[in-house]
Protein chains: 2
Amino acid sequence: MKARVTVMLKTGVLDPQGEAVRHALGTLGFAGVTGVRQGKVIELDLAQTDAAAAETEVKAMCEKLLANTVIESYRVEIL
Amino acid sequence: MKARVTVMLKTGVLDPQGEAVRHALGTLGFAGVTGVRQGKVIELDLAQTDAAAAETEVKAMCEKLLANTVIESYRVEIL
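Values in this document were obtained by computation on a predicted structure and should not be read as measured data. (Residues numbered from 1 in each chain as written. Chains lettered and ligands numbered in written order. Predicted model: local features only at pLDDT ≥ 70, side-chain atom pairs only at ≥ 80, totals over all residues. Heavy atoms only, no water.)

(A) Seen up close, the interface of chain A and chain B. Every contact between the two is made by 31 residues of chain A and, on the other side, 31 residues of chain B. Ranking the residues of chain A by area buried against chain B places A:Phe30, A:Val41 and A:Glu43 at the top, with a combined share of 20%. Between the two partners, chain A and chain B, sit zero salt bridges. Here chain A is connected to chain B by ten residue pairs in polar contact (both at pLDDT 80 or more). Looking at the side of chain A that touches chain B, the elements that each hand over two or more residues are strand E1 (2–9), helix H1 (16–27), strand E2 (33–46) and helix H2 (51–66) of chain A. With 14 residues, E2(A) is the single largest residue contributor to the side of chain A that touches chain B. Residue composition of the side of chain A that touches chain B, by class: 17 nonpolar, six polar and eight charged. Alignment of E2(A) against strand E2 (residues 33–46) of chain B, held across 13 bridges, turns out to be antiparallel. In the sheet register, A:Gly39 faces E2(B), and the bridge partner there is B:Val41. (Contact = heavy atoms within 4.5 Å. Buried area = accessible area lost by both parts, 1.4 Å probe. Salt bridge = Lys/Arg side-chain N within 4 Å of Asp/Glu carboxyl O. Polar contact = N/O pair within 3.5 Å; in protein donor to acceptor, adjacent residues only side chain to side chain. Helix = DSSP H or I, 4+ residues; strand = E, 2+ residues; numbered from the N terminus. Nonpolar A, V, L, I, M, F, W, Y, C, P; charged D, E, K, R; others polar. Pairing = 2+ DSSP bridges.)

(B) The side chain of B:Gln38, seen in detail. Along the chain, B:Gln38 falls in strand E2. Discounting residues that sit within four places of it in the chain, B:Gln38 has contacts with A:Lys40, A:Val41, A:Ile42, B:Met8, B:Asp15, B:Gln17, B:Gly18 and B:Val21.

(C) Structural context of the sheet that holds strand E3 (residues 72–78) of chain A. If you walk across this open sheet you meet the six strands as E3(A)-E1(A)-E2(A)-E2(B)-E1(B)-E3(B), and the pairing is antiparallel. Taken across any chain shown, the strands that pair with only one partner, and hence form the sheet edges, are E3 of chain A together with strand E3 (72–78) of chain B. Pairwise comparison of adjacent strand axes, ignoring direction, gives a mean angle of 25° for this sheet. Across six bridges, the pairing between strand E1 (residues 2–9) of chain B and E2(B) is antiparallel. Bridging across to E2(B), B:Arg4 finds its partner in B:Glu43. Lying on the sheet, helix H1 (residues 16–27) of chain B is in contact with E2 of chain A together with E2 of chain B; it crosses E2(B) at an angle near 125°. (Axes fitted to C-alpha atoms, helices over the stretch in contact; angles between N-to-C directions.)

Written as structure tokens, this is what we have:
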């Protein structure tokens, strides 16, 4: 079973990486970009075959390791 | 208009960051994780209001800046 975790900085947390991308896009001539946020995506291959159990397990991974829940929010999709 | 770009290393390209995550998950007791790939997600706010034109523009951004197409593949979603 596959799972995809998307981790983004929470709204209001400064995202210098996203700002750098926005600036670089402007320099390259892409003028219509008003905001950029950059996050990470983690694709997991799981031995677990039950979707509900897999989701619970992946959420535990997010809380313990994959996301810093003080400043980041995460979304889990089971594929 | 919003767009989401997901950039992942191509299959076969070594992903040390993903490997490190897999190892760390194992150390934390998550034994059922057989593979991890880590990529990045970029959320863009665009002034463009036409979906087809926005997709063309974002694909050009990917080719020029957001993805290294030698080793990375990208996916564009218009939200």
